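Working through the structure, step by step
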Amino acid sequence: MRPPRPGPRSTLFSAAVVAVTAGALLIAPYPAGADPRPTVREGDPLPRGASDAPASAARRALTAPETDLTDDAGRAVRGYPREQVLAPDPENPADKSIKLGLTPYHAIAPKLNALQALGDRVSVEIAGRSAGGHRLYLVTVTAPETARQARAQARMRERIEHAPRLAAKDRTLKKTYKTPVFFNNNIHGNEWEGTDAALRLVERLAKAKDARTKDLLAHSRLYFNITANPDGRIAGTRTNASGFDMNRDFVTASQPEVRAMRRIQIGKQPAVMLDLHGYVNGTLIEPTTPPHGENYEYDLFLKNTYANALRMETAVNGLGYTHDKDGVDPAQIPFRDAEEGWDDWPPVFTPQYAAFHGTVAAHTVEIPLQVNNAAYESLPVAELRRRSAINVDVAGAAMEATLGFVREKRSSLLADQIEVFRRGAAGAAQVPVSEETVPGVPGIGPEDVYTAEFPRAYVVPAGRTQRSATAAARLVDHLIANDIRVTRATAGFRLGGRAYPKGSYVVDMRQAKRGLANALLADGRDISDKVSVMYDISGWSLGRLWGATVVAAESGRVSALPVRPVRSAAPVGRVAPRGTLRLRLDSPQEIAALNSLLGDGVRVRQAADGSALVPASARRKATALARSHDVVFASTRATGGTVLRPVRVAAAVSAGELFALREMGFDVVPVSTAVLNAGFDWSRADVLFVSSGLSYDGLNAAARTALTGFLTGHGLVGGGTAGAALSNATGLLKATAVEGNGDANGVVRVVNAGGPVTGGAPDHGFVYAPVWFTGLGPGVTVEQSYGTGDLLVSGHWRPQGDGSGGPAAAAGQASVVRGPHAVLFGTEPLFRAHPKGEFPQVGRALLTVSR
């Protein structure tokens, strides 16, 4: 049995969560021989101010190319060091790091130049650019390697993943492979100190002459993502320039910084990683409380993560900081010290995502003393700098302890990484955790056992409809970007008792990264009865939410199928050779293509079924869009329809919703209560979209008059209770919004009525603090309802304490309603720019009510 722990997160960890966002509640109050290679010059930095416009940030996030940081065998691989002179950034006295006595972003490039000049151990590469256009620096510290040695390392890394059974027997590999270690810093921009600790550690490693350091670097490659979020570091914000919390984006990978981190984890294949955060006092070190991710090899993960956590705890506590003297409490390990509430269930977090790429010890480390948010504004500079200095020490101690762990446990870490991939490739069963299977970890109980049932394969059938074909291609490309092997059928076949046509995609689940494939493609699980509260989202099925058909084949001879590997999905875009063209508007790409046509002045009409009718005269433009957006313009004999026009959207929405709107090509201007009260020019908008940040009661008289006047001749799209409240206040649509449990989220079954908003929509949706509508007035049409029976497919949704607000109360109720000039959503079709198959519902709603 697990030893007694403090109460559930409703006690200990509710305080910890508040500490992250509102203040460190437990802190004592103030005042207490490589290849010779010429040095190259990296390209110029982006001019200051280039990231000021959110629209520009969104465009960059959508279009930023991925930098290939892999060392693939057979390619021209460079040795180490890989030095270059980084062009300096303009000095920015407004950088929020300066007040804390930390390294401002503009000082990082000169610092890295100096570190490279210290010897032959430090290399700098550009991993990509942020949404705001800033360079992302990947620093590698290792003993020098020739190009030949680097190629040998690349071949061994490939063998570990793709031939793990052979790798486990390879004596040369065991002796010479360098253990990859990854330190990810500052993913939350206003949690600064990991960057400074990393720079300090790199400098020590570059200069050190002791035998332990030489041994470490001879047998390891240490990778430092110096600042994962330069936009937020400069601005003092948790998010990047697009407003995204990137530690929630790894399933979607909408942001270029996340795609860069994904490439690092795939290309470098770290066995150990730390993700440096703040602020929880005492320092919080993973592993976490239940529920644990069911798709990765948790026995290997827990074994190593707990062992390294103990080392980090000893190192942090050994710094000598105390509560009475410094306001610093002893470190805590959630798995050992709490019952629930700080879980590792969703793969949206960096360490949990890393586990799928072979990282067998992955940690979030929350350093102790708050210096952001209210503390940043209210505390004296001297106190802020005192706290930051302690935080840098704590982060550095965690990093140093990890290096000691890697040096001593190199062989077992490598063996466990190989075992992760071997299990996947062999289709071996997962090993449930217990005190017998994970010796040395006390207190393991049945509440810690989470395992998945992997099908023999997943099939994404060749699209029989335009929607499914476009969605399937997008899904397949996303799988491949996540290093999941996908094949495509060269002929029709049968698998698991079902026939599939030529061109269907097959994901053989006997592959190294089966866990990630299952995490992305499976329905997931309803875990409402497992724990009382979750830290973040609990359901995310791409098969259900991205609009593609995904079939789990439980059995069959996959090896006998007529398939070939693919590196990208086959293009589906095409244009009918003659006549009027029809664009379905069932995918985000189709909405974006429509908006491009409208922006070019093409006269497009909307048919009764919601699709767009494009004149034959626009065939050349349609051909270009079919290529760039991978969409189908079919032929049609339909006539009539309503003429569409470009839609300018005034939007009071979340960052994810704003990003999704721009992904669909809408011209969006953000608004809020404050913006309207300051006087807003409504001639800039054709429709209003409100889900947060705009309260009718908070508007002054002039703003109310202007808003009411706008809505008299224009439409409203509303999300959740905020949208419904505005609709009721302005009399646009009579409906009572009923709030479900505010902690609820996940994938739910829905029933679409087939109207202009939800026609062709998937039969599943996503909810986050779900809402449904009752008391519908005359002229209100139900476009979509929550399903009946077992409504929640995957996620966490309990009734509230009084029994209300649960899925049983929502079952069969209206989830999307429409009136002549308003559409209201109780679901979250644009949540964090993730549920791609749901986006078109909002796109169609905006087109419908803006007429």
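Further up the page is the structure itself.
Numbers given to residues run from 1 along each chain, matching the order in which its sequence is written. The predicted origin of the model limits local features to residues at a pLDDT of at least 70 and limits the giving and counting of side-chain atom pairs to 80 or more, whereas totals for whole chains, interfaces and linings rest on all residues. By convention in this description, side-chain values take in all heavy atoms of the structure and omit both hydrogens and water.

Pairing within the open sheet is mixed, and its six strands lie in the order β19-β23-β20-β22-β21-β24. What marks the edges here is a single partner per strand, and that holds for β19 (574-575) and β24 (642-643). Sheet topology places strand β20 (residues 581-583) next to strand β22 (residues 612-614); three bridges connect them, and they run antiparallel. Paired with Leu581 across the two strands is Val614, which belongs to β22. Between any two strands, pairing holds if DSSP finds at least two bridges. The helix and strand labels rest on DSSP assignments: H or I over at least four residues marks a helix, E over at least two residues marks a strand, and numbering proceeds from the N terminus.

A side chain with one charge may pair with a side chain of the opposite charge, provided their charged atoms come close. Salt bridge, as used here: a side-chain nitrogen of Lys or Arg that lies within 4 Å of a carboxyl oxygen of Asp or Glu. Applying the stated criterion to the full structure yields 44 salt bridges. A salt bridge links Asp416 to Lys303, with the shortest nitrogen-to-oxygen separation between them at 2.9 Å. Of the two residues, Asp416 is situated in helix α16 (residues 381-426) and Lys303 in helix α11 (residues 298-317); the sequence distance between them amounts to 113 residues. For each residue, the accessible area found with a 1.4 Å probe, counting protein chains only, is set against the maximum for its type, and the residue is called buried under 20%, exposed over 50%, and partly exposed in between. Judged by relative accessible area, which is 33%, Lys303 ranks as partly exposed. Across the pair Asp523 and Arg544 runs a salt bridge whose closest N-O atoms are separated by 2.8 Å. In this pair, Asp523 is assigned in the loop between α18 (514-521) and α19 (542-545) and Arg544 in helix α19, connecting sequence segments 21 residues apart. Overall, Arg544 belongs to the partly exposed group, its relative accessible area being 30%. The structure contains a network of salt bridges with shared partners spanning Glu191, Arg238, Asp245, Arg248, Asp536 and Arg832.

Any Phe, Tyr or Trp ring, taking Trp's six-membered ring, that has another such ring centre within 6.5 Å forms a pair; planes under 30 degrees apart are called stacked, those over 60 apart edge-to-face, and the others tilted. Counted under the stated rule, the structure contains 19 aromatic pairs. Ring centres of Tyr296 and Phe301 lie 5.1 Å apart, and the angle between their planes is 55°; this geometry places the pair in the tilted category. Neither Tyr296 nor Phe301 differs from the other in exposure class; each is buried. For the ring pair Tyr296 and Phe356, a centre distance of 5.6 Å and an interplane angle of 75° mean the geometry is edge-to-face. On the criterion of sequence distance, the pair formed by Tyr296 in the loop between β9 (289-292) and α11 and Phe356 in the loop between α14 (350-355) and β11 (361-367) is long-range, its members being 60 residues apart. This pair shows no difference in class: Tyr296 is buried, exactly as Phe356 is. One aromatic cluster is present, built from ring pairs that chain together Tyr296, Tyr298, Phe301 and Phe356.

Further remarks concern the pairing of strand β16 (residues 505-508). In this sheet, β16 lies alongside strand β12 (residues 457-460) in antiparallel orientation, the contact comprising four bridges. Looking at β16, one finds that Val459 is bridged to Val506. Here strand β13 (residues 487-489) runs beside β16; their pairing, made up of two bridges, is antiparallel. The residue of β16 that forms the bridge with Thr487 is Val506.

Attention now moves to the nonpolar core. Only buried residues count toward a nonpolar core. Its members are Ala, Val, Leu, Ile, Met, Phe, Trp, Tyr and Cys residues joined through side-chain atoms within 4.5 Å. Counting 207 residues, the largest nonpolar core has Leu112, Tyr137, Phe224, Phe633, Leu661 and Phe689 as the members making the most contacts within it. In terms of residues, this core owes the most to one element, α16, which gives 17 residues. For this analysis, residues touch if any pair of their heavy atoms sits within 4.5 Å. With residues near it in sequence (within four places) discarded, Phe633 still touches Arg574, Val575, Ala576, Leu581, Arg582, Leu583, Leu597, Val614, Ala622, Leu625 and Ala626.

Next up on the list: the packing of α11 against α16. Only C-alpha atoms enter the line fits that serve as axes; for helices the fit covers just the stretch in contact. Angles between N-to-C directions range over 0 to 180 degrees. Interhelical geometry of α11 versus α16 gives an angle of 170° and a closest axis separation of 8 Å. In terms of their interaxial angle, α11 and α16 are classed as roughly antiparallel. Judged by the sense of rotation from one axis to the other, the crossing of α11 with α16 is right-handed. For the contact of α11 with α16, the class distribution of residues is twelve nonpolar, four polar and eight charged. Working rule for angles: under 35 degrees goes down as roughly parallel, over 145 as roughly antiparallel, 65 to 115 as roughly perpendicular, anything else as oblique. Less than a right angle of anticlockwise turn of the near helix away from the far helix marks a crossing as left-handed, whereas a clockwise turn marks it as right-handed. Residue polarity is assigned by list, with Asp, Glu, Lys and Arg as charged and Ala, Val, Leu, Ile, Met, Phe, Trp, Tyr, Cys and Pro as nonpolar; anything else, Gly included, falls into the polar class.

In this chain, Tyr80 is followed by Pro81 through a cis amide linkage whose omega measures 10°. For the peptide bond that leads from Asn281 to Gly282, omega is 0°, which places it in the cis range. At Asn186, a residue that is not glycine, the phi angle is positive and equals roughly 65°. Relative to the elements of secondary structure, Asn186 occurs in the loop between β5 (179-185) and α7 (193-207). Note on Asn186: relative accessible area 0%, which makes it buried.

A separate point is the environment of Arg263. Locating Arg263 in the fold gives a position in helix α10 (residues 256-268). In this structure the C-alpha to C-alpha distance between Arg263 and Glu66, which are 197 residues apart in sequence, comes to 7.8 Å.

Our focus in this paragraph is the sheet that holds strand β8 (residues 284-285). The strand order across the open sheet built from seven strands is β3-β4-β6-β5-β7-β11-β8, with neighbouring strands paired in mixed fashion. Among the strands making up the open sheet, the edge pair consists of β3 (122-129) and β8. Of the strand pairs in this sheet, strand β4 (residues 135-141) and strand β6 (residues 220-225) are connected by four bridges, and their pairing is antiparallel. When the sheet's bridge partners are listed, Val141 is paired in β6 with Leu222. Relative to β11, α11 is tilted by about 35°, and along the sheet it contacts β7 (272-278), β8 and β11.

Our focus in this paragraph is helix α25 (residues 720-730). Inspection of α25 places Gly720, Gly723, Ala724, Leu726, Ser727 and Thr730 among the buried residues, and these make up the whole buried set. Buried residues along α25 cover an arc of 160° about the axis, so they all sit on one side. Contact partners of the buried residues in α25: β27 (687-690), α24 (701-713), β28 (715-719), β29 (736-739), β32 (771-774) and β36 (822-825). The first or second residue beyond α25 is Gly731, which carries a positive phi of 75°. The arc in question is the one traced by the directions running from the helix axis out to the C-beta atoms.

So, about the packing of helix α2 (residues 54-63) against helix α22 (residues 655-663). Relative to each other, α2 and α22 sit at 70°, their axes nearing to 10 Å. One element, α2, and the other, α22, form an angle in the roughly perpendicular class. Along this stretch, α2 crosses α22, giving a crossing that reads as right-handed. Residues Pro54, Ala55, Ala58, Ala61 and Leu62 of α2 pack against Phe659, Arg662 and Glu663 of α22. Grouping the constituent residues of the contact of α2 with α22 by class yields six nonpolar, no polar and two charged.

In short, geometric facts, not functional conclusions.
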